[in-house]
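Chain by chain, the residues:
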Amino acid sequence: MTANFRRRLIQVIVSAAILSGAVFLAMQIFSNPPKAEKKKMNKRSLVTVEVKKLATEPYRVRLQSYGKLQAKSSGSVAAQVSGVITELGDHVLVGSFFKKDELLFRIDDRDYRAALKIAEADLALAQAKLVEEQAKGEQARRNWQRLKGRESAGDLVLRKPYLASAEAAVKGAEARRDQAALDLERTAIRAPYDGRILAKNVDIGQFVSKSMVVAEIYNTHSL
């Protein structure tokens with residue numbers, strides 16, 4: 001046999017083997033078809049239902065956001081009397097918190113203490129003068145009755161104008177005493193509410209005049 005004849009013979013044998021294998025595989029597939037599984041179906045579908053009675057109730061929603069927090073109540077602290085600042089409160093610093101009625105600033109109160117003592121002395125003199133006039137008026141009334149009997153006496157005879165003047169002097173002295181006491185009290189500048197310092201405008205040793213702004217504050221209870 002020639003080499004060419006051998007090659008062709010081998011190709012024919014291989015082709016015949018491949019064809020035979022394909023035919024055998026096809027016969028196996030057709031003779032054994034796949035079988036589908038049959039499942040039994042429930043005659044009735046079971047559905048679970050949950051029943052809940054609805055009712056309104058409060059619900060807090062938390063939202064994350066950004067913004068500017070601003071106090072509803074803020075203002076200036078001003079001196080009501082003049083003088084030199086001698087003391088600062090413990091929390092008089094920018095950004096510090098303070099409580100209501102806490103001392104913020106204290107003004108030198110020596111002149112105001114002296115003024116209160118003078119006003120009290122003037123009141124005492126006015127009260128003594130009033131007592132004296134009351135006694136003189138009563139004595140004048142008795143003298144008139146002894147001399148004139150039931151005849152009416154004039155206001156001047158009974159010293160009524162002097163008595164009215166003495167009473168007015170007492171009221172004036174009381175008012176000056178009260179004003180001196182108030183000025184002395186105002187040398188201590190206290191917080192009007194719970195708050196925080198925004199700005200401090202004065203320091204120890206500085207002279208402040210009446211109505212001068214010494215600090216800027218805001219109310220921490222009205223944010």
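The structure under discussion appears in the preceding block.
For clarity, every value in this text was computed on a predicted model and none was experimentally measured. Every chain is numbered independently, its residues counted from 1 as its sequence is written. With pLDDT at 70 or above as the cut-off, local features in this predicted model cover only qualifying residues; side-chain atom pairs require 80 or more to be listed or tallied, and sums for whole chains, interfaces and linings still use all residues. Side-chain measures here rest on the full set of heavy atoms in the structure, leaving out hydrogens and waters.

*Asks:* Hey, could you run me through the overall build of the protein chain in this one?
*Replies:* Across its full length, the protein chain holds three helices and eight strands. For the protein chain, the succession of helices and strands along the chain, N to C, is α-β-β-β-β-α-α-β-β-β-β. Taken across its 223 residues, the protein chain has 22% of its residues classed as buried. Contact between two residues is taken to exist if any of their heavy atoms lie within 4.5 Å; hydrogens are not considered. Put simply, 77% of the contacts in the protein chain that link residues at least 6 apart link residues at least 24 apart. Every accessible area reported is derived by Shrake-Rupley at a probe size of 1.4 Å, with residue values counting cover from the shown protein chains alone. A total accessible area of about 18200 Å² is found for the protein chain, and carbon and sulfur atoms account for 55% of it. Helix numbers and strand numbers start at the N terminus; a helix is a DSSP run of H or I with at least 4 residues, a strand a run of E with at least 2. Think of it in three bands: with a 1.4 Å probe and only protein chains considered, a residue is buried below 20% of the maximum accessible area for its type, exposed above 50%, and partly exposed in between.

*Asks:* It is not clear to me how helix α3 (residues 160-185) should be interpreted in this structure. Could you clarify?
*Replies:* Along an α-helix, residues three or four positions apart point the same way, because every turn accommodates 3.6 residues. With 26 residues, α3 extends 37 Å from end C-alpha to end C-alpha; this agrees with the ideal 38 Å at 1.5 Å per step. Regarding α3, the residues found buried are A166, V170, A173, A180, D183 and L184. Against the buried residues of α3 lie α2 (110-148) and β5 (188-190). What a helix is expected to span follows from its residue count: subtract one and scale by 1.5 Å.

*Asks:* What should I look at first to understand the sheet that holds strand β7 (residues 207-208) in this one?
*Replies:* Through backbone hydrogen bonds, the strands of a sheet pair up, either in parallel or in antiparallel fashion. Judged by pairing direction, the sheet is antiparallel, and its four strands sit side by side in the order β5-β4-β2-β7 without closing on themselves. With partners counted over all chains shown, the strands left at the sheet margins are β5 and β7, one partner each. Here, a strand pair is defined by DSSP locating no fewer than two bridges between the strands.

*Asks:* Can you walk me through the packing of α2 against α3 in this structure?
*Replies:* When two helices pack together, their arrangement is captured by the angle between the axes and the distance separating the axes. The geometry of α2 relative to α3 is characterised by a closest axis approach of 8 Å and an angle of 165 degrees between their N-to-C directions. Between α2 and α3, the interaxial angle falls into the category roughly antiparallel. The two elements α2 and α3 meet at a crossing, and its hand is left-handed. A fitted line through C-alpha atoms serves as each axis, taken over the contacting stretch for helices, and the angle formed by two N-to-C directions is quoted from 0 to 180°. Here roughly perpendicular refers to angles of 65 to 115 degrees, roughly parallel to angles under 35, roughly antiparallel to angles over 145, and oblique to all remaining angles. Should the near helix be turned anticlockwise from the far one by less than a right angle, the crossing is left-handed, and should it be turned clockwise, the crossing is right-handed.

*Asks:* Could you clarify how one ought to interpret unusual backbone geometry in this entry?
*Replies:* Outside of glycine, negative phi angles account for most residues, and trans bonds account for most peptide bonds. Positioned with a positive phi, D101 is a non-glycine residue whose angle comes to about 70 degrees. Along the chain, D101 turns up in the loop between β3 (97-98) and β4 (103-107). Even without being glycine, S211 reaches a positive phi, approximately 80 degrees. For S211, the location among the structural elements is in the loop between β7 and β8 (213-219). By relative accessible area, S211 is classed as exposed at 54%.

*Asks:* Just to check I follow, could you spell out the sheet that holds β8 for this structure?
*Replies:* The strand order across the open sheet formed by four strands is β1-β8-β6-β3, and the pairing between neighbours is antiparallel. Among the strands making up the open sheet, the edge pair consists of β1 (74-78) and β3.

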